[in-house]
Amino acid sequence: MRSVGQFPHVVREIENTWITLSDGCRLAARIWLPEGAEQAPVPAILEYLPYRKRDSTATRDALTHPYFAGHGYAAIRVDMRGNGESDGIMEDEYLPREQDDCLEVIDWLVKQPWCSGAVGMIGISWGGFNGLQVAFRQPDALKAVITLCSTDDRYADDIHYKGGAMLNENMGWSSTMLSYSSRPPDPALVGESWRETWLKRLEAEPLLIANWLKHQTRDNFWKHGSICEDYSKIDIPVLAVGGWSDAYSNAVPRMLENLPGFRRGIIGPWLHKYPHFAVPGPAIGFLQEALRWWDQWLKGIDRGVESDPMLRVYMQASVPPKAAYAVRDGRWCAEPSWPSPNVTWRRFHPGDGGALSGAGVPPGEKIVRSPETVGQAGGEYCMIWLGPEGPTDQRIDDAGSLCFDTAPLESTFEILGAAELDLELASDKPVAHLVARLNDVAPDGTSTRITYGVLNLTHRDSHERPEALEPGRSYRIRLKLDDVAYAVPEGHRIRLALSTSYWPMIWPAPETATLTLRTGPSVLHLPERHAGEGTVPYEPFAEAEAAPPLEKEILRPARNTRTVTTDIESGQQKIEIFDDFGRDRIVELDLTTGHIARERYVIHPGEPLSARMETHWSQELSRGDWQVATETYCTLSGDATHFHLTGRIEGYESGTLVFEKDFEDTIPRNFL
């Protein structure tokens, strides 16, 4: 990434200002302005987050927002209610109040002398969510959105549930937010009131999973904030960006297909990061693309955006399985519309002999009953921390799965879109999961995961009204795998691997189920891309560039590990993840920050009720004599009928415990 220090406009920074809402709550904002904006007003670009502009997002903010300001925009970074230096309490994610507050922020922006009255919203993850959610509310001043690594469907495609199964990220992200929101405001900005604000914040801090687990089906709680409930409400241009290594790539094709207005999509090889500094590479000139978007829709300058292909997508090449890649081999492709005219469907039939054939097969039956440890090679659900988070060699999981392989391919097979399974099967238990993986099997036997999908079979007909399975009865089910772009080369095989478990990605069903697959009528549908632009390489992006980085002194380097151990006598498996994000000093603020996260997953291969998840986060902030820290702990376990939650938060000032609070909850399982 190239660092750019000289811009067309001199940038003036307002380190902190207060936006007072109608109920008296003050939100903290950091603003970058081009010099002279008060005399010649400019459009405003808003990023609205709970992640602390003062320290947590300061590194990426420094790369991005001064760049926009230097090119003639007001860039505004606002902390949500209850976070950072902002007043109030954050009770949950994406509540109506969160959007109401943002509408007031937009009203405040358009009243500033430096604002032209046109506003755009940009954001990744939470910020990408609320850009879409606020656009759904249709404020007049909001003219365009750039949303990255976000979703249009909070139930089906976020960190809570997948295919009606509970993601363990549901617990992981709740633990993360318990830690993130436990930190105090900086006394350098708020003065002596910091301590009172901090203690009130700690006292009110929720254990979010306790609420999320009370909504195990797709009810109104999840429908709120899901723009898929009425795509027609998004009537402004949307640029949707995702990454194949991220958990949120599915939303980009869905929004391209369903949004009624002008929309464009970009999907690269990246994990959950902005594309100008994301890994795996190649990174792209994302900020230049964003400027084209803003110039077109906020300033009315024709930058050729309307001529861009609807979807620019990175076709990943076949690579050996690895937990992290610096660069992912592949090439950029362009699709004129979505669904693409370059994609056709190919049918494959799983057969009795383990073959995946393009021809029909005679009726037969195959059994799958997986150990609860299948999934250990699956990696993280949402790869974000830059450690060894990706899926590894799938053979260890394939061994506990029902597998079907094609013959060695006679030519490269390019998959673009979402593979679908149309299966006939029966279960011997009333609650069961089906997990499907599509793998690239090399001639040497290594197995690389291409994509996967999950279905809680009680949700086979509806995520709103699940129904128990009748043991022994055959059902016709349809399972859609995650969207992907992947080229399987000549000589390799495509493997379909089916399992009844995927730990630690999803929480296990109460009983280990045996599924019986009817092979004759079951079909795998693969979306095959045929190169519409011939053999000419498509290179749509400039070199990545950004504003100069934030100056930091590294006091303890970051370190990430993931360890799997098995007790030989009992068979119990333990997966331990250690993410030390390091300890750094932000030089200009003389502010030291440190963060460490730990996760532990324990399960016995034949005992789903042995599943247990534990988390422990540590946070520290210091400047001179001011030293604060928090420790947060959470556990999740379950019996046949209930989930059991515990949590604890501790606050320390200069090493002395000044606050402690415990959480405990028991929540009935609802077909989970």
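The structure we're discussing is the one just above.
Per chain, residue numbering runs from 1 following the sequence as it is written. Only residues with pLDDT of 70 or above have their local features reported here, since the model is predicted, and side-chain atom pairs are shown and tallied only from 80 upward, although totals for entire chains, interfaces and linings are computed over all residues. Side-chain metrics in this entry use all non-hydrogen atoms of the structure; hydrogen atoms and water are not considered.

Engineer: Please give an account of the overall build of the protein chain that cites residues and values.
Structural biologist: For the purposes of this entry, the term helix denotes a DSSP run of H or I that reaches at least four residues, the term strand denotes a run of E that reaches at least two, and both are numbered from the N terminus. Check the secondary structure of the protein chain and you find 11 helices and 34 strands. For the radius of gyration, the atom set is restricted to C-alpha positions; the globular benchmark scales as 2.2 Å times the number of residues to the power 0.38. A compact globule built from 672 residues would reach a C-alpha radius of gyration of about 26 Å, and the protein chain, at 25 Å, matches this within 12%. Seen through its C-alpha atoms, the protein chain measures out along the principal axes to roughly 75 × 60 × 45 Å. In what follows, a contact means two residues having at least one pair of non-hydrogen atoms within 4.5 Å. Sequence-distant contacts in the protein chain: of pairs separated by 6 or more residues, those separated by 24 or more amount to 74%. Counting only carbon and sulfur atoms, one obtains 49% of the accessible surface of the protein chain, whose full area is about 23800 Å². A positive count includes Lys and Arg, and a negative count includes Asp and Glu. His and the chain ends are not counted in either. To locate a charge, take atom NZ for lysine, CZ for arginine, CG for aspartate or CD for glutamate. Positive and negative side-chain charges in the protein chain, numbering 67 and 96 respectively, have mean positions lying 1 Å apart. The method behind every accessible area is Shrake-Rupley, applied with a 1.4 Å probe, and residues are considered shielded solely by the protein chains displayed.

Engineer: Now, about the state of the cysteines: what can you tell me, with residues and values included?
Structural biologist: The definition used for a disulfide is geometric: two cysteine sulfur atoms within 2.5 Å. Scanning all chains against the criterion turns up zero disulfides. Cys382 supplies the cysteine sulfur nearest to Cys149, a cysteine that is in no disulfide, at a spacing of 7.5 Å. Of the cysteine sulfurs around Cys634, a residue in no disulfide, the closest is that of Cys382, at 18 Å. A residue is classified by how much of its surface remains accessible, and Cys634, at 1% relative accessible area, is buried. Each residue is placed in one exposure class: buried if its accessible area under a 1.4 Å probe, protein chains only, is under 20% of its type's maximum, exposed if it is over 50%, and partly exposed if it falls in between.

Engineer: Account for the pattern of salt bridges, naming residues and giving values.
Structural biologist: Within this document, salt bridges are pairs made up of a side-chain nitrogen of Lys or Arg and a carboxyl oxygen of Asp or Glu, the two lying within 4 Å of each other. Counted under the stated rule, the structure contains 58 salt bridges. Linking Asp186 and Arg54 is a salt bridge whose minimum nitrogen-to-oxygen distance equals 3.0 Å. Of this pair, Asp186 sits in the loop between helix 4 (169-180) and helix 5 (187-190) while Arg54 sits in the loop between strand 4 (42-49) and helix 1 (58-70); the two residues are 132 residues apart in sequence, bridging distant segments of the chain. One salt bridge connects Glu576 with Arg600, and the closest N-O pair in it is separated by 3.1 Å. One end of the pair, Glu576, is in strand 29 (residues 573-586); the other, Arg600, is in strand 30 (residues 591-604), with 24 residues separating them in the sequence. Residue Glu576 is classed as partly exposed on the basis of its relative accessible area of 29%.

Engineer: Mind laying out empty space enclosed by the protein, listing which residues take part and the relevant values?
Structural biologist: Once rolled over the atoms, a probe with the size of a water molecule shows which space is left empty. Think of a 1 Å grid over the protein atoms and nothing else: a 1.4 Å probe that fits but is trapped marks a cavity, an open set flanked by protein within 12 Å on at least five of seven lines marks a pocket, and residues with an atom within 4 Å of a point count as lining. Grid points are joined across faces, edges and corners, and a volume is the space filled by probe spheres set on the points. In the structure shown here, the tally under the stated rule is nine cavities of 30 Å³ or more. Roughly 280 Å³ of volume is contained in the largest cavity. Forming the walls of the largest cavity are 25 residues, and the residues nearest its centre are Glu169, Trp173, Cys382, Ile384 and Trp385. When residues in the lining of the largest cavity are grouped by element, the largest group, four residues, is from helix 4.

Engineer: I'd like a rundown of the nonpolar core, residues and numbers included.
Structural biologist: Buried Ala, Val, Leu, Ile, Met, Phe, Trp, Tyr and Cys residues form a nonpolar core when they are joined through side-chain atoms within 4.5 Å. Membership of the largest hydrophobic core comes to 161 residues, with the highest contact counts inside it found for Leu46, Phe68, Ile76, Trp114, Trp294 and Leu636. The leading source of residues in this core is helix 10 (residues 286-298), at seven residues. Apart from the residues within four sequence positions on either side, Leu636 is in contact with Met166, Met171, Ile209, Leu213, Trp507, Ala611, Arg612, Met613, Phe643, His644 and Leu645. Core analysis: the second largest hydrophobic core is formed by 35 residues, Val368, Leu402, Tyr486 and Leu526 among them.

Engineer: Could you give me a rundown of unusual backbone geometry, with the residues and numbers involved?
Structural biologist: Pro280 follows Val279 through a cis peptide bond whose omega is -10°. You can see Pro280 is positioned in the loop between strand 11 (263-268) and helix 10. Following Gly281, the chain continues into Pro282 via a peptide bond in cis, with omega recorded as 10°. Mapped onto the secondary structure, Pro282 falls in the loop between strand 11 and helix 10.

Engineer: Explain the layout of surface pockets residue by residue, including any values.
Structural biologist: The computed volume of the largest pocket comes to approximately 1100 Å³. Around the largest pocket, the lining is made up of 36 residues, and of these Ser56, Thr59, Lys273, Trp385 and Phe581 lie nearest the centre. Among the elements that line the lining of the largest pocket, the one with the most residues is strand 29, at four residues. Of the residues belonging to the lining of the largest pocket, the class tally is 19 nonpolar, nine polar and eight charged. Under the convention adopted here, Pro, Cys and the residues Ala, Val, Leu, Ile, Met, Phe, Trp and Tyr are nonpolar, Asp, Glu, Lys and Arg are charged, and Gly plus all remaining residues are polar.

Engineer: So what's going on with the side chain of Gln619? Which residues, and what values?
Structural biologist: Relative to the helices and strands, Gln619 resides in strand 31 (residues 607-623). Engagement of the side chain of Gln619 in a polar contact is seen with the side chain of His595, the distance being 2.5 Å. What qualifies as a polar contact is a pair of N or O atoms within 3.5 Å, subject to a donor-acceptor requirement within protein and to the restriction that residues adjacent in sequence count only when both atoms come from side chains.

Engineer: Pulling in residues and values, what's your account of the sheet that holds strand 21 (residues 447-456)?
Structural biologist: Two strands make a pair as long as DSSP finds a minimum of two bridges between them. Read from one edge to the other, the open sheet built from four strands follows the order 17-24-20-21, with strand pairing classed as antiparallel. Lying at the two open borders of the sheet, with one neighbouring strand each, are strand 17 (402-405) and strand 21. Each adjacent strand pair in this sheet contributes to an overall mean axis angle of 15°, direction not counted. Note: strand 20 (residues 433-441) against strand 24 (residues 493-499), seven bridges, orientation antiparallel. Bridge pairing in strand 24 links Val435 to Ser499. Working convention: axes come from line fits to C-alpha atoms, limited for helices to the stretch in contact. Angles between N-to-C directions cover 0 to 180 degrees.

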